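Structure assessment
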Amino acid sequence: MKLIPFKNWFAQLPGLSRRQQERVRQALGPHEPAVPESLQWLQTMPVPACPLCQAEHPYRWGYQAGAQRYRCRHCRHTYTALSGTPLARLRHKARWLTYSEALQAGLTVRQAALRCGIHKNTSFRWRHRFLTLPADRKAAHLEGIVEADETFFAYSCKGQRHLDRPPRQRGQQIHTREPDRNKCPCGWCATALGLPLISNWR
């Protein structure tokens, strides 16, 4: 409803009878949106700086999709706490925490969509958005005990007519713990992985 019709409708409210006012309250009551838990958590965070000019101390400028909106005093840009983040412009904020729990549980895209009550395409898009920040913040160093084992890679002789070994049949098991002529003889793979070179390659 536009502003002028709303003002005209609002001005007629005092003339309603008690029964009519009660019907209006009943009609407006169920439609009052509850603040999602994710937005309640955002409201407890410090006021974010402007994503454009990085200026601090903005002032409040209404709400956008239930989230507090701010306006920069320097560049007059309006934004929310989610602006410039992977979660910007995502809907169904009340289901974000449920979807994050589904990610922690290791559910598939369709299983997470079924748990949250969203479409599978929405679940696929949310998965990439939710995993953007953890993928960027990788560990700079490792701590604790690190264990490594030998890794052998099969050496492909496909297309060669003269082999110094019997040809392998499809489906033949070649993964053995000892190095042999069926494995990569160059040692480059071991060097790339930081593994010790084996000198008895054939």
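Just so we're clear, the structure is a prediction, and the values are computed from it rather than from any experiment.

1. A word on the overall build of the protein
Regarding its fold elements, the protein presents eight helices and three strands. What you see in the protein, going N to C, is helices and strands ordered as α-α-α-β-β-β-α-α-α-α-α. Put simply, the protein has 202 residues, and 20% of those count as buried. Total accessible area on the protein stands at roughly 16,800 Å², and carbon and sulfur atoms take up 53% of it.

2. Quick look at the sheet that holds strand S1 (residues 59-64)
Pairing is antiparallel in the open sheet, where three strands are placed in the order S1-S2-S3. Each end of this open sheet is capped by a strand with a single partner; those strands are S1 and strand S3 (78-80). The mean inter-strand angle of the sheet, taken between neighbouring strand axes irrespective of direction, is 35°. Where strand S2 (residues 67-71) meets S3, three bridges bridge the pair, whose relative direction is antiparallel. Residue pairing for S3: Arg71 is matched across the bridge by Thr78.

3. Some details on the nonpolar core
The biggest cluster of nonpolar side chains holds 16 residues, and the ones touching the most others in it are Leu90, Trp96, Tyr99, Ile118, Trp126 and Phe130. Those elements giving two or more residues to this core turn out to be helix H3 (37-43), helix H4 (96-104), helix H5 (109-116) and helix H6 (120-130). Looking at this core element by element, the count peaks at four residues for H4. Setting aside residues up to four positions removed in sequence, Phe130 forms contacts with Leu87, Leu90, Trp96, Tyr99, Ser100 and Leu103. Counting five residues, the second-largest nonpolar core is a separate cluster that includes Cys50, Ala55, Cys72 and Tyr79.

4. Remarks on unusual backbone geometry
Not every positive phi belongs to a glycine, and Arg76 is a case in point at roughly 65°. If you trace the backbone, Arg76 turns up in the loop between S2 and S3. Exposure remark for Arg76: the relative accessible area of 47% places this residue in the partly exposed category. Here the phi dihedral of Arg89 falls at roughly 65°; this positive angle occurs in a residue that is not glycine. Here Arg89 lies in the loop between S3 and H4.

5. Some points on the pairing of S1
Here S1 runs beside S2; their pairing, made up of four bridges, is antiparallel. Looking across to S2, one finds that Tyr63 is bridged to Gln68. Counting the residues in the hairpin turn of S1 and S2 gives two residues, including Ala65, whose phi is positive at 55°.

6. Some points on the side chain of Arg127
With respect to the secondary-structure elements, Arg127 resides in helix H6. Despite being buried, Arg127 has no salt bridge partner; Glu101 is the closest side chain of opposite charge, sitting 14 Å away. Sequence-distant contacts of Arg127, defined by excluding residues within four places in its chain, comprise Tyr99, Leu103, Leu107, Thr108 and Val109.

7. Remarks on H5
Within the sequence span of H5, burial applies to Ala112, Ala113 and Cys116. Buried residues in H5, looked at end-on, bunch into an arc of 100°, giving them a common side. Residues of H5 that are exposed and point more than 90 degrees away from the buried face comprise Arg110 and Leu114. Count one or two residues on from H5 and you reach Gly117, which has phi positive near 75°.

8. Comments concerning the packing of aromatic side chains
Here the structure, examined in full by the defined rule, presents seven aromatic pairs. Ring centres of Tyr70 and Tyr79 lie 6.0 Å apart, and the angle between their planes is 35°; this geometry places the pair in the tilted category. Just as Tyr70 is buried, Tyr79 falls in that class too. One aromatic cluster is present, built from ring pairs that chain together Phe6, Trp9 and Phe10. Over the ring of Trp61 we find Arg71; its NZ or CZ atom is 4.4 Å from the centre of that ring.

About the thresholds
Residues numbered from 1 in each chain as written. Predicted model: local features only at pLDDT ≥ 70, side-chain atom pairs only at ≥ 80, totals over all residues. Heavy atoms only, no water. Helix = DSSP H or I, 4+ residues; strand = E, 2+ residues; numbered from the N terminus. Buried < 20%, exposed > 50% of the residue type's maximum accessible area, 1.4 Å probe, protein only. Areas by Shrake-Rupley, 256 points an atom, 1.4 Å probe, with all protein chains shown as cover. Pairing = 2+ DSSP bridges. Axes fitted to C-alpha atoms, helices over the stretch in contact; angles between N-to-C directions. Core = buried A, V, L, I, M, F, W, Y, C linked by side-chain atoms within 4.5 Å. Contact = heavy atoms within 4.5 Å. Lys, Arg positive; Asp, Glu negative; His and termini not counted. Salt bridge = Lys/Arg side-chain N within 4 Å of Asp/Glu carboxyl O. Arc of directions from axis to C-beta. Phe/Tyr/Trp six-rings, centres within 6.5 Å; stacked < 30°, edge-to-face > 60°. Lys NZ or Arg CZ within 6 Å of the ring centre and 35° of its normal.

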